[in-house]
Every structure is written in structure tokens, then in C-alpha cells.
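# Residue-level structure breakdown
Spelled out, the chains give:
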Amino acid sequence: MALDTFVAMFRWPFAWREFLEQTWFVARVSLVPTLLLSIPFVVLAVFTFNVLLVEFGAGDLSGTGAALAAVNQIGPFVTVLVRSYGGLEG
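It is worth spelling out a nonpolar patch on the surface at this point. A surface patch of nonpolar side chains, amounting to about 590 Å² of accessible area, comprises Leu 31, Val 32, Leu 35, Leu 36, Ile 39 and Val 43. Its place among the elements puts Leu 36 in helix α2 (residues 16-56).

What follows is the structure, encoded as C-alpha cells:
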């Protein structure tokens, strides 16, 4: 499938309109559930990580910890939602 996709990317004419419609559909369908699920998990992870950093005396790294926690928590949700909603509009 990856090889077919790579070959289709360079085949003329590329279906830009279909690509944009599918991209908008996936973004529209998965954005709200991703936000509703990930915000509590990110807040919990950031709070726990910041408490740990303060105990070690490295409170200056809390921004880095927040970004890392957000990416680690939101990534799997987005992946699941894109995979599950990707096949609905066929």
C-alpha cells in the first residue's frame, strides 16, 4: 500500500480536489473528539511531570515537559481517530 501511494503521488493528474476533501473530512470528524479526550490526559501528565521536576530542582524544564507530555498523549488519539474515520467516506 505504501508503494502504491508513493507511485500515485507522482502520477499525472494528481487528484488534488479529492485529496483536500478527504483531508478536510478527517480533520473535521476527528478534531473535537481528540480535544475532548486529550485535554484531561495532558493536564494530568503535565501536572505529574511538573511535580516531579520541582522535586528534582529542575522546575525550569517544565515547558519542555509540557510539550513532551502533550505530544505523547495526543498522538495516539489522533492516530486512532484518523484510522477509524478514514474508511467512512469511501
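There is more to say, and it comes next.
The next thing to look at is the packing of aromatic side chains. Under the defined criterion, the tally for this structure stands at 2 aromatic pairs. An angle of 75° between the planes, with centres 5.2 Å apart, marks the rings of Phe 6 and Phe 10 as edge-to-face. A relative accessible area of 48% means that Phe 6 is categorised as partly exposed. What makes Phe 10 exposed here is its relative accessible area of 61%. Between Trp 16 and Phe 19, the aromatic rings sit 5.9 Å apart at their centres with planes inclined by 85°, giving edge-to-face as the arrangement. Taken together, the residues span about one helical turn, with Trp 16 and Phe 19 both in helix α2 at a distance of 3 residues.

Taken residue by residue, the protein gives an average pLDDT of 80. The fraction at 70 or more is 93%. When the elements of the protein are averaged for pLDDT, helix α3 (residues 62-85) gives the smallest value, 77, and helix α1 (residues 2-9) the largest, 84.

With that settled, the discussion passes to α2. In this model, α2 (41 residues) spans only 51 Å end to end at C-alpha, well below the 60 Å of a helix rising 1.5 Å per residue. A bend of about 35° at Ser 30 is the largest found in α2, and the proline Pro 33 appears one to four places after it. Gly 57 occupies a position one or two residues after α2 and carries a positive phi of about 80°.

The full count for this structure, using the stated rule, is 1 salt bridge. When the shortest N-O distance is used, the salt bridge between Glu 21 and Arg 17 registers 3.4 Å. In this pair, Glu 21 and Arg 17 are both assigned in helix α2, 4 residues apart and thus about one turn of the helix distant. Classification of Arg 17 as exposed rests on a relative accessible area of 68%.

Calculation criteria
- Residues numbered from 1 in each chain as written.
- Predicted model: local features only at pLDDT ≥ 70, side-chain atom pairs only at ≥ 80, totals over all residues.
- Heavy atoms only, no water.
- Patch = residues over 30% accessible without salt bridge, like charges linked within 9 Å, V, L, I, M, F, W, Y side chains within 5 Å.
- Areas by Shrake-Rupley, 256 points an atom, 1.4 Å probe, with all protein chains shown as cover.
- Salt bridge = Lys/Arg side-chain N within 4 Å of Asp/Glu carboxyl O.
- Helix = DSSP H or I, 4+ residues; strand = E, 2+ residues; numbered from the N terminus.
- Phe/Tyr/Trp six-rings, centres within 6.5 Å; stacked < 30°, edge-to-face > 60°.
- Buried < 20%, exposed > 50% of the residue type's maximum accessible area, 1.4 Å probe, protein only.
- pLDDT = per-residue confidence, 0-100.
- Expected span 1.5 Å × (residues − 1).
- Bend = angle between axes of the 7 residues up to and from the residue.

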